[in-house]
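Geometric and topological summary
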Amino acid sequence: MRFLTAGESHGPKLVGIIEGLPAGLPIDKKKIDETLRRRQAGPGRGGRMKIEQDEVALMAGVRAGLTTGAPLALEIINLDWPNWEKIMTWESGADLESRKVLAPRPGHADLTGALKYRTEIRNVLERASARETAMRVAVGAIARQLLEAVGMQIQGRVRSIGGRWAQTDESEEYWQKARQSPWLTGDPQAETAWGQLLEEARARGESLGGVVEVQIHHVPAGLGSYEQWDRKLDGRLAQALMSVQAIKGVSFGLGFSAADQLGSQMHDPIDYQPGTGFFRTSNHAGGIEGGMSNGEPIVIQAAMKPIPTLYQPLATIQIETKQKIAASVERSDICAVPAALIVLEQVAAWVVAEAALEKFPADTFAEFKQAVADYRAYLSGV
Ligand code: EPS
């Protein structure tokens, strides 16, 4: 299975193509759109999100609610396009001057992209923009439907913002609250603290980063492989999550703090229960050992840097005159950590779905479902 996306932040639309989904998979468009809307929400978002109302259009590969086996083609319209048409049109005669960016923003792709492609900074920022994650969310939300149809589940929560950590527990009550919270946390005190941090950041022209956690439950043991470096499930998840704009670190289970533990404290003892099979009595590994899912929940944390567009801009160099200047101020978000969590959940879903289809290759969803059920029966019976 593979996918590609195209589209500029202020172009007419984002497009995506998915190839390799089995035929006969039920597609719930409403669920994809709900996920797109969740990505747009969150208290720190800027003016652009008041314009966009993301919704996917299924242009090919789905008929009467089921995949046909043909490539899926997806579109998401940029409602901001009419404001940019003269500037962003493909036609010669486009207005290349009025929104020209001459002061590259530290932390963005601006400068290096302009040097690499010998092009104007706007051409760089249009594609490097996190707007592109809207299509990755649509693609991942479809992969997630494949996983959910065979019992795998994904949930996420924001762990910290601006260095202030939330309390967490694994109770259903906590997760209920986290799903409904605008900050995607089950800790009301953290919500209040983050609200204050956001207002302070807004007043000072600052931006905020944070740490999010994605959990994937009921993944059978044995997705991914130790056979080659590029088949390891943790390596593949890390690559995919690190590729999301502003993500600076990805870890599994205890993550970096695993390095501080003694071996006897770190590793998860193996136990066995007739009828359900092997399991671990703890999950410090975060559900992956030897590059394979081990049957415990996959638990991933990711660190997002503060958004690099600052209303109180940093120093930079004017790209043509080479004079010192303040970085360009583009309309921007102040904190997009909850949005990033929604992106990362769907990106992780894509990788796990891809690994599931490698373990259970199938032309039809019925074959896939049967293969997963047979394998689960084997795992609980050994
Ligand atoms: C972004 C800058 C802002 C964000 C954008 C990401 O866009 P604009 O320049 O149009 O105000 O709103 O995020 C999205 C459009 C989105 O859908 O998430 C950036 O520079 O990466």
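The following paragraphs examine the structure supplied in this document. Here the residue index of a chain counts from 1 through its sequence in written order. Given that the model is predicted, a residue must reach a pLDDT of at least 70 before its local features are reported, and side-chain atom pairs must reach 80 or more before they are shown or counted; all residues, however, enter totals for whole chains, interfaces and linings. Only heavy atoms go into the side-chain values, all of them from the structure, while hydrogens and water stay out.

Structural notes on the site of the ligand
Lining the immediate surroundings of the ligand are His10, Arg39, Arg45, Arg48, Met49, His108, Ser129, Ala130, Arg131, Arg331 and Asp333. The contact in question runs from an oxygen atom of the ligand to an N or O atom on the side chain of Arg45, over 3.0 Å. Interatomic distance of 2.7 Å between a side-chain N/O atom of Arg48 and an oxygen atom of the ligand. Here the Shrake-Rupley method, with its probe set to 1.4 Å, supplies the accessible areas, and only the displayed protein chains count as covering residues. About the coverage of the ligand: the protein hides 91% of its 470 Å² of free accessible area. Think of it this way: one heavy atom of a residue within 4 Å of a molecule or strand is enough to make that residue near it. We define a polar contact as two N or O atoms separated by no more than 3.5 Å, with the added condition that, inside protein, one atom must be a possible hydrogen donor and the other a possible acceptor, whereas residues neighbouring each other in sequence contribute only through side-chain atom pairs.

Some words on a nonpolar patch on the surface
On the surface, Ile270, Tyr272, Phe278, Tyr378 and Val382 cluster together to form a nonpolar patch covering roughly 530 Å² of accessible area. Here Val382 is to be found in the segment after helix 12 (365-381). Exposure is judged per residue with a 1.4 Å probe applied to protein chains only, and the accessible area is read against the type maximum: over 50% gives exposed, under 20% gives buried, and values in between give partly exposed. What makes Val382 partly exposed here is its relative accessible area of 39%. The patches reported here contain residues having more than 30% relative accessible area and no salt bridge. Joining distances are 9 Å for like charges and 5 Å for nonpolar side chains (Val, Leu, Ile, Met, Phe, Trp, Tyr). Just to be clear on terms, a salt bridge is a Lys or Arg side-chain nitrogen sitting within 4 Å of an Asp or Glu carboxyl oxygen. The helix and strand labels rest on DSSP assignments: H or I over at least four residues marks a helix, E over at least two residues marks a strand, and numbering proceeds from the N terminus.

Quick word on the packing of aromatic side chains
Classification of ring pairs rests on two measures: the distance between centres of Phe, Tyr or Trp rings, Trp counted by its six-membered ring, which must be within 6.5 Å, and the angle between planes, read as stacked under 30 degrees, edge-to-face over 60 and tilted in between. Under the counting rule described, the total for this entry stands at 8 aromatic pairs. Taken together, the ring pairs in this structure connect Phe360, Phe365, Phe368, Tyr375 and Tyr378 into an aromatic cluster. The ring of Tyr375 has Lys359 lying over it, and the distance from NZ or CZ to the ring centre is 4.2 Å. Criterion for a charge above a ring: Arg CZ or Lys NZ at most 6 Å from the ring centre, at most 35 degrees from the ring normal.

Considering the pairing of strand 11 (residues 270-273)
Consecutive side chains of a regular strand alternate in pointing toward one face of the sheet and then the other. Here strand 11 runs beside strand 12 (residues 277-280); their pairing, made up of 4 bridges, is antiparallel. Looking at strand 12, one finds that Ile270 is bridged to Arg280. Two strands pair if DSSP finds at least two bridges between them.

Here we look at the pairing of strand 7 (residues 153-161)
Within strand 7, 8 of the 9 residues are buried, which leaves the element mostly enclosed by the surrounding structure. When strand 7 meets strand 9 (residues 210-217), the two strands line up antiparallel, connected through 8 bridges. When the sheet's bridge partners are listed, Gln155 is paired in strand 9 with Gln215. Between the end of strand 7 and the start of strand 8 (residues 164-165), which pair antiparallel, lie 2 residues, with Gly162 showing a positive phi angle near 55 degrees.

Notes on unusual backbone geometry
Backbone geometry at Ala64 places phi at a positive 50 degrees, although glycine is not the residue there. Mapped onto the secondary structure, Ala64 falls in the loop between strand 4 (62-63) and strand 5 (66-67). Looking at Ala64, the relative accessible area reads 81%, which means it is exposed. Phi at Ala246 is positive, roughly 80 degrees, even though this residue is not glycine.

Re the sheet that holds strand 7
Here 5 strands make up an open sheet; going across it, the order is 8-7-9-15-10 and the pairing antiparallel. Each end of this open sheet is capped by a strand with a single partner; those strands are strand 8 and strand 10 (247-252). Pairing of strand 10 with strand 15 (residues 298-304) involves 5 bridges; the strand directions are antiparallel. Opposite Val250, over in strand 15, you have Ala302 as the bridge partner.

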